[in-house]
Amino acid sequence: MKIKRLLRTVLSFVMVAALNIVVVSSYTPASASNRLTQQEIRDEINRIEQENADRQEEIDKLDGEITDTQKFAEEADALLGNQKNEVDYYNNLVYYKNEDIKAMQSEIDKKNDEIKELDDKLAKADADIKAAEKNNAENLEKFAQIIRTMYTSGNSDVFGVLSGATDFYQLMVSSEIVGNITEKNYEFMNQLKADIKQLEADKNTFETDKKALEDKRTALEADMKILEGEKADLVTLQDEAQDKADEYQASYDKYQSILNDLQYEQDNLKYLVSVGEAEIEAFEEQLKQLIIENTQQGTTLQEGDWIWPVPGFGYISCYYGWDYDFGRFHKGIDVGDWGIWGSNIYASKGGTVIIAEDWYIPGYSYGKYVTVDHGGGYTTTYAHMDTVNVYVGQVVEKGDVLGTVGNTGFSTGPHLHFEIRIDGEPVDPFGYVEIYR
Ligand SMILES: [Zn+2]
């Protein structure tokens, strides 16, 4: 509980301090010399209004910059969106190209497997041929042994036949004629010869098949090279698209960051304007208090009617009360006939001029204006004047000219803003005056 109360105290102090030191110090009562005069307060209000006007100008300028930057950000965003689509497009193409490459690779792998299978068959055929040749050589050796035996046994006839043979097979055949080779031996030799021939034929077939497979593989590898070339091109396009997307992203981010800065700056200015407005309100409250103190409270309201301040004009462009057009409470009535500009404004009742302001900021507040104290707590105010013809402290009679109708301050065309207040609080003027044309 204690902490809560402490926090509240600190918070309220900070808030008051934020509002304005001047307001706070000006509220310390003390001696009369410490208090600001009406003129000093009005000077303060004018100063803050000028500051706020400058800030508003800056805010409006920032509005333009924010709009421009938003446009740039939107453009970058649109480009980024398109570019992302393009990146997706290339991502897809690269994906499918990779699928093609995978399929091609698996075909090449299959061919390699088949080639390897044939290599194995070739190796086996080679081994079989070697084995058969070895077998053959051994048999020939056995045969030679027989021949040698026949020769050493002195069979010259056989020797004569055999000496005419040109190779082992012929020798074999000749020796059969001689009758020294058994039928079994002869068949075996013939079979062996046939087997070797078959094996050589198989080997040839395998080699032809292998060559065909290798040609197919070469063709596939050439196709693969084409695919990889296409993929490389796609990847280049993909990279380019991505780079461009990155670029657009960077520019979008940049504009967003600028936008944030501008928005922050503008928010800050708007905050300062609201602080200024709070200060002005506080000063106006002070001014109201001073005016109430200075009004002829001892005196009573003058006898007699109130007169219409701008005779001959009666077009009411805005009544007393809530103003939907501007979303504010309208504290008086606006008379804004065509041709009213420069017409005289007459005191609605006799009294003393307590405000005769002819310094103003275009576009803000009352512009040039006059307030007359009528006694009994009653005042009238005439705003947006073109000229002010009276001075503070001047006593005026009902019907005296206070100045002329203008278009100064917060005003969108020549008109008179007319207010009646009782003890500083605005009331509907039509409770007192009637239009007189
Ligand atoms: Zn008005």
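Residues numbered from 1 in each chain as written. Predicted model: local features only at pLDDT ≥ 70, side-chain atom pairs only at ≥ 80, totals over all residues.

**A word on the overall build of the protein**
Tallying secondary structure elements over the protein gives six helices and twelve strands in all. Taken over 437 residues, the protein has a buried fraction of 21%. Counting only contacts in the protein whose residues sit at least 6 apart along the sequence, the fraction spanning at least 24 positions is 74%. (Helix = DSSP H or I, 4+ residues; strand = E, 2+ residues; numbered from the N terminus. Buried ≥ 20, exposed ≤ 12 C-beta atoms within 10 Å, placed from the backbone. Contact = placed C-beta atoms within 7 Å.)

**As for the nonpolar core**
The biggest cluster of nonpolar side chains holds 26 residues, and the ones touching the most others in it are Val370, Tyr382 and Met385. Those elements that provide at least two residues to this core are β4 (333-335), β6 (351-357), β7 (368-375), β8 (378-388), β10 (401-405) and β11 (416-422). If we ignore the near neighbours within four places in the chain, the residues touching Tyr382 are Pro309, Ile345, Tyr369, Val370, Leu402, Leu416 and Phe418. (Core = buried A, V, L, I, M, F, W, Y, C linked by C-beta atoms within 7 Å.)

**A short note on unusual backbone geometry**
We note that His384 has phi near 65°; this positive angle belongs to a residue other than glycine. Topologically, His384 is positioned in strand β8. Classification of His384 by C-beta neighbours within 10 Å gives buried; the count is 24. Even without a glycine there, the phi angle at Asp423 is positive, about 50°. Inspection of the secondary structure puts Asp423 in the loop between β11 and β12 (425-427).

**Structural notes on the pairing of β8**
Most of β8 is tucked away, with eight of its eleven residues classed as buried. Pairing analysis gives six bridges linking β7 to β8, with the strands arranged antiparallel. Looking at β8, one finds that Val372 is bridged to Thr380. Two successive antiparallel strands, β7 and β8, enclose a turn made up of two residues, where Gly376 displays a positive phi of approximately 65°. Across six bridges, the pairing between β8 and β11 is antiparallel. Bridging from a neighbouring strand, Ala383 pairs with His417 of β11. Here three bridges tie β8 to β10, and the two strands are oriented antiparallel to one another. Opposite Thr387, over in β10, you have Thr404 as the bridge partner. (Pairing = 2+ DSSP bridges.)

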